[in-house]
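Here is what each chain is made of, one letter per residue.
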Amino acid sequence: MEILNTDAARRRILFVCHGNICRSPMAEFVMKELLRRAGRDDIEVESAALHTDEIGNDIHRGTRAKLREMGIPFTPRAAWLLTAAKAHEYDLLIGMDDYNIADLKRIVFPEDRPKIRKLLSFAGQERPIADPWYTGDFDATYDDIFAGCTAFLAALSRWREVATVRTS
């Protein structure tokens, strides 16, 4: 199955996690930076929460510190709650762990379930990305997110090559 099977000129990717203050915004800004470095402007990236705990809050200080340490630019933002209608607007919905995947399947319209992926699955792994809210280990979380985003970018590049060949 192609990772993006729409014909739109611009694709929309949404990263999600429990509260949208640690893992999903980290993935959002890592992916935006990787896309910028790759010269890709055809992918829009955002992140959202699956639960209401942190709605309106900015990125966790540990995530901000790790992004700064790694030279990944980010902007202030407010966590927001994903709805089925909003999920329908995205081409791909990427969670961090099995709980996120279960929540996504519960929230989205049935026709949008094929859009759901776990981030590390792009790197050939099915394990979860640990939540640093609980572990305090933003380094390990960053390493997993970077691995997943890097593999996802490679998958996007392969998909783009296939799409170009099909339209030629």
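Cut-offs used in this document
- Residues numbered from 1 in each chain as written.
- Predicted model: local features only at pLDDT ≥ 70, side-chain atom pairs only at ≥ 80, totals over all residues.
- Heavy atoms only, no water.
- Salt bridge = Lys/Arg side-chain N within 4 Å of Asp/Glu carboxyl O.
- Helix = DSSP H or I, 4+ residues; strand = E, 2+ residues; numbered from the N terminus.
- Pairing = 2+ DSSP bridges.
- Axes fitted to C-alpha atoms, helices over the stretch in contact; angles between N-to-C directions.
- Contact = heavy atoms within 4.5 Å.
- Core = buried A, V, L, I, M, F, W, Y, C linked by side-chain atoms within 4.5 Å.
- Buried < 20%, exposed > 50% of the residue type's maximum accessible area, 1.4 Å probe, protein only.

**Q** How would you summarise the pattern of salt bridges if you had to cite specific residues and measurements?
**A** Scanning all chains against the criterion turns up 19 salt bridges. We note a salt bridge from lysine 32 to glutamate 28, for which the minimum N-O separation is 2.8 Å. Residue lysine 32 and its partner glutamate 28 are located together in helix H1 (residues 23-37), separated by four residues, close to a single helical turn. Ionic contacts of the salt-bridge type, sharing partners, join the residues Arg10, Arg12, Glu44, Glu46, Lys86 and Glu89 into one network.

**Q** Now, about the sheet that holds strand E2 (residues 43-49): what can you tell me, with residues and values included?
**A** The strand order across the open sheet formed by four strands is E2-E1-E3-E4, and the pairing between neighbours is parallel. At either margin of the open sheet sits one strand with a lone partner, and together these are E2 and strand E4 (116-118). Looking at each pair of strands side by side, their axes are set apart by 25 degrees on average, direction ignored. Across the sheet, helix H4 (residues 98-107) lies against strand E1 (11-17), strand E3 (92-95) and E4, angled at about 175 degrees from E4, the strand it touches most.

**Q** Explain the nonpolar core residue by residue, including any values.
**A** Counting 34 residues, the largest nonpolar core has Phe15, Val30, Met31, Leu119 and Cys149 as the members making the most contacts within it. Going through the elements one at a time, E1, H1, E2, E3 and helix H6 (138-167) are the ones with two or more residues in this core. Considering every element that reaches this core, the biggest residue donor is H6, with nine residues. If we skip the residues at most four places from it in the chain, methionine 31 touches Phe15, Val45, Cys149, Phe152, Leu153 and Leu156. Listed in part, the 13 residues of the second largest apolar core include Val16, Ala48, Leu82 and Ile116.

Purely geometric numbers; function is a separate question.
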